[in-house]
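Single-letter residue listing:
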Amino acid sequence: MRQETYDIHADVRLGERFYSIFLDKDGYGYVAKGTGSYYTSPLTIDSSVNSNMFKVDSIKGLISILDQLTIDSTIKKKPMGTIPRVEIYYKNVKVYDAYRWDQSVWNGLRPIISQLPHGFNPFLASDNPFE
């Protein structure tokens, strides 16, 4: 599948490292991770690897939250040190771009965190995501 066929695309970036999570409306997807442009600039990829395909069970809650977002209300602040930049695209439209976690978006992502593949999870410290 091409990236455009996924309903949800989330980029989690810090420094020059990134994780791109791609999920379709049924919860199937993959994660790409690698290095690219600095996180305050538009993402260009220098190198990356993809996870195997996987399925998340909690996709409906995330979709419900994304249905309510509009980009005008979600662009947040300037970079804040060691806090990743999160960009979320829903149906190929950017709906979230922030240098901090908005509680409503975090509540949508939290149920899928443990379902992302080991080694491709930007949310788990045990995966050493940004080292």
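See the structure above.
Residues numbered from 1 in each chain as written. Predicted model: local features only at pLDDT ≥ 70, side-chain atom pairs only at ≥ 80, totals over all residues. Heavy atoms only, no water.

### Digging into the packing of aromatic side chains
For the record, the criterion: By convention, a stacked pair of Phe, Tyr or Trp rings (six-membered ring in the case of Trp) has centres within 6.5 Å and planes under 30 degrees apart, an edge-to-face pair has planes over 60 apart, and any other such pair is tilted. Only protein chains enter the accessibility calculation, which uses a 1.4 Å probe; a residue is then buried when its area is under 20% of its type maximum, exposed when over 50%, and partly exposed in between.
The final tally for this structure, using the stated rule, is four aromatic pairs. Ring geometry for Phe22 against Tyr30: centres 4.9 Å apart, planes inclined by 20°, an arrangement best described as stacked. Accessibility expressed as a relative area gives 9% for Tyr30, which makes it buried. With a centroid separation of 5.1 Å and an interplanar angle of 80°, the aromatic rings of Tyr38 and Tyr39 are classed as edge-to-face. The partly exposed category is assigned to Tyr38, whose relative accessible area is 44%. Clustering of aromatic rings is evident, with ring pairs tying together Tyr6, Phe22 and Tyr30.

### Concerning helix H2 (residues 103-113)
Helical geometry: 3.6 residues make up each α-helical turn, so side chains three or four residues apart lie on a common side. Worth spelling out the cut-off: The numbering of helices and of strands both runs from the N terminus, where a helix is a DSSP run of H or I of at least 4 residues and a strand a run of E of at least 2. This arc is built from the directions going out from the helix axis to the C-beta atoms.
Every buried residue of H2 is accounted for by Val105, Gly108, Leu109, Ile112 and Ile113. The buried residues of H2 all sit within an arc of 145° when viewed along its axis, so they share a single face.

### Here we look at the pattern of salt bridges
Put simply, the rule is: Salt bridges are defined as contacts in which a side-chain nitrogen from Lys or Arg sits within 4 Å of a carboxyl oxygen from Asp or Glu.
Enumeration over the complete set of coordinates arrives at six salt bridges. Lys25 is the salt-bridge partner of Asp26, the closest N and O atoms lying 3.8 Å from each other. Overall, the relative accessible area of 54% leaves Lys25 in the exposed class. One network of salt bridges, in which partners are shared, links Arg13, Arg85, Glu87, Lys94 and Asp97.

### Quick word on helix H1 (residues 59-66)
Note the cut-off: What makes two residues a contact is simply this: any of their non-hydrogen atoms within 4.5 Å.
All of the buried residues in H1 are Ile59, Leu62, Ile63, Ile65 and Leu66. The buried residues of H1 occupy an angular sector of 160° when the element is viewed end-on, so they sit on one face. As for H1, its buried residues are in contact with strand E1 (8-14), strand E2 (17-23), strand E7 (85-90), strand E8 (93-98) and H2.

What is shown is where atoms sit, not what they do.
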